[in-house]
Amino acid sequence: MSTAVITKSAPAPRKPAGKRKLSLAQWMLVIAAGLALFSLVRLITDAHGITSTGQVSAALRLAVPIGMAGLGGLWAERAGVINIGLEGMLILGTWFGAWAGVQWGPWTGVIFGIVGGMIGGLIHAIATVSFGVNHIVSGVAVNILAVGATRYLSSFTFAEMEGGTVKQSPPIEDIQSITVPGLSEWMKTLNDKHWFFVSDLAGFVGGAVTNLSLLVVIALALIPLSWWVLWRTSFGLRLRSCGENPTAAESLGVNVYKYKYLAVIISGGFAGFGGFFLAEVSNIYQEGQTGGRGYIGLAAMIFGNWMPGGLAMGAGLFGYADSLNLRGGGANVHALLLFLAILLALAVAWELYRRKYLTALVAGVTGLGLFAYYLAVDEVPSQFVSAAPYVATLLVLALSAQRLRPPKSIGRSYRKGEGK
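Residues numbered from 1 in each chain as written. Predicted model: local features only at pLDDT ≥ 70, side-chain atom pairs only at ≥ 80, totals over all residues. Heavy atoms only, no water.

(A) Local environment of the packing of helix α3 (residues 86-104) against helix α11 (residues 256-282). Orientation of α3 relative to α11, taken along the N-to-C sense of each, is 55°, at an axis distance of 7 Å. When the axis of α3 is compared with that of α11, the two are oblique. The element α3 and its partner α11 pack so that their crossing is right-handed. Here Leu86, Met89, Leu90, Gly93, Thr94, Gly97 and Ala98 of α3 lie close against α11, whose contacting residues are Ser267, Gly268, Ala271, Gly272, Gly274, Gly275, Phe276, Leu278 and Ala279. Broken down by class, the residue content of the contact of α3 with α11 amounts to 8 nonpolar, 8 polar and no charged. (Axes fitted to C-alpha atoms, helices over the stretch in contact; angles between N-to-C directions. Helix = DSSP H or I, 4+ residues; strand = E, 2+ residues; numbered from the N terminus. Parallel < 35°, antiparallel > 145°, perpendicular 65-115°, else oblique. Left-handed = near helix turned anticlockwise from the far one by under 90°. Contact = heavy atoms within 4.5 Å. Nonpolar A, V, L, I, M, F, W, Y, C, P; charged D, E, K, R; others polar.)

The structure is reproduced here in structure tokens:
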């Protein structure tokens, strides 16, 4: 008599639960909700300038150098090389671009600005990839070298030109700007009516189609192009593998040194493009005009979690904060205090729901402090408005620190054959 043994198959192991990514539709709903809250604050405070066409247009222009520096950082760090030298590469881009732009026109300046940034990237790549220098030390050295080199070069170039000095160049010719006829005027009309949500949406759309430099159009196109190259091509896969596990990449035949060099040089080219944009939009090169935007671009990249879409959002946020200073934004910043206080109140409710009581307490105390300050003053002092981009940088980094996922081998000195 045979007995049948019935075995119960073991259940398949569950995958560890991770954070579910939002779909495009969900992201659109989040953005719409944020714009609705923005509109509500505008109506309460009567600060119609926070979503005006001019404010949005200025924010877009100021976001370009930050975004290009951040995009450069993304390319380098996806290949495993920390690029603190973005500020120096921006500086080199401003100088080389202005030097060529003054003599041969602005489009030549674009090319030379990119080349100037690439020179900085090449120096950083030689130091970190070939010689194994600490990435932070090398980046700081590039920043210091750029400041000294541009001052030295200016002493026998711009200083000898009519209208130039050792600290600034002669004027640079403008690059053509475009305005979408019809749509621009319609958006401006809707924005001036100050309707809830509709006027705010019209302000953002109008700012994107009014007096738009061709360089802004190119910069906007580079963000999705970078995403496609890095995440949809074999070249991008190999480059990102160098930042995740260079030893494994080498075992599969990837020339890790080559890809790291390419990534850092391309990184410098993006920063150089952003640097020349700064000089061109000001119509002049001035010593110190980058104003730390390379570091802010690095913060935007970290806020975006090393992804182009998040980077673009971070650059837009910092560009908007920067534009408040240029457009006399004391009243606008005062209105934004209320916006931040409401956001923190929503954050308190969310953290309490997640039972993270300490985080909820910190957010609640900060929100109450902002609301109290909003009630106590009618307009924020100009000194605080000037500091708004840097305060925004610190806040964003503090709030995004818990959800970051950098490339696994970032900052690591790699030597060929080390895994054998």
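Let's pick the thread back up.
(B) Summary view of the side chain of Ser184. Along the chain, Ser184 falls in helix α6 (residues 183-192). Ser184 sits in the buried class, given a relative accessible area of 7%. When neighbours within four sequence positions are excluded, Ser184 is seen to be in contact with Thr179, Val209 and Thr210. (Buried < 20%, exposed > 50% of the residue type's maximum accessible area, 1.4 Å probe, protein only.)

(C) Geometry of the nonpolar core. Ranked by size, the top nonpolar core spans 44 residues in total, and within it Met68, Leu71, Leu74, Trp75, Leu215 and Leu239 carry the most contacts. The set of elements that each furnish at least two residues to this core consists of α2 (53-78), α3, α8 (214-232), α9 (234-244), α11, α12 (293-303) and α13 (308-326). For Met68, the contacting residues outside a window of four places in its chain are Ala219, Leu222, Phe270, Ala271, Phe273 and Gly274. (Core = buried A, V, L, I, M, F, W, Y, C linked by side-chain atoms within 4.5 Å.)

(D) Inspection of the confidence of the model for the protein chain at higher detail. With 90% of its residues at a pLDDT of 70 or more, the protein chain shows a mean pLDDT of 87. For residues 1-18, every residue scores under 50 in pLDDT, and the model assigns this stretch 0 contacts once sequence neighbours within four places are set aside. (pLDDT = per-residue confidence, 0-100.)

(E) Examining the packing of α2 against α11 more closely. Across the interface, α2 lies against α11 with an axial gap of 7 Å and an inter-helix angle of 170°. When the interaxial angle is binned, α2 and α11 end up roughly antiparallel. For the pair α2 and α11, contact is made by Arg61, Val64, Pro65, Met68, Ala69, Leu71, Gly72, Gly73, Trp75 and Ala76 and by Ala263, Val264, Ile266, Ser267, Phe270, Ala271, Phe273, Gly274, Phe277, Leu278 and Val281, respectively. Among the residues forming the contact of α2 with α11, the class breakdown is 16 nonpolar, 4 polar and 1 charged.

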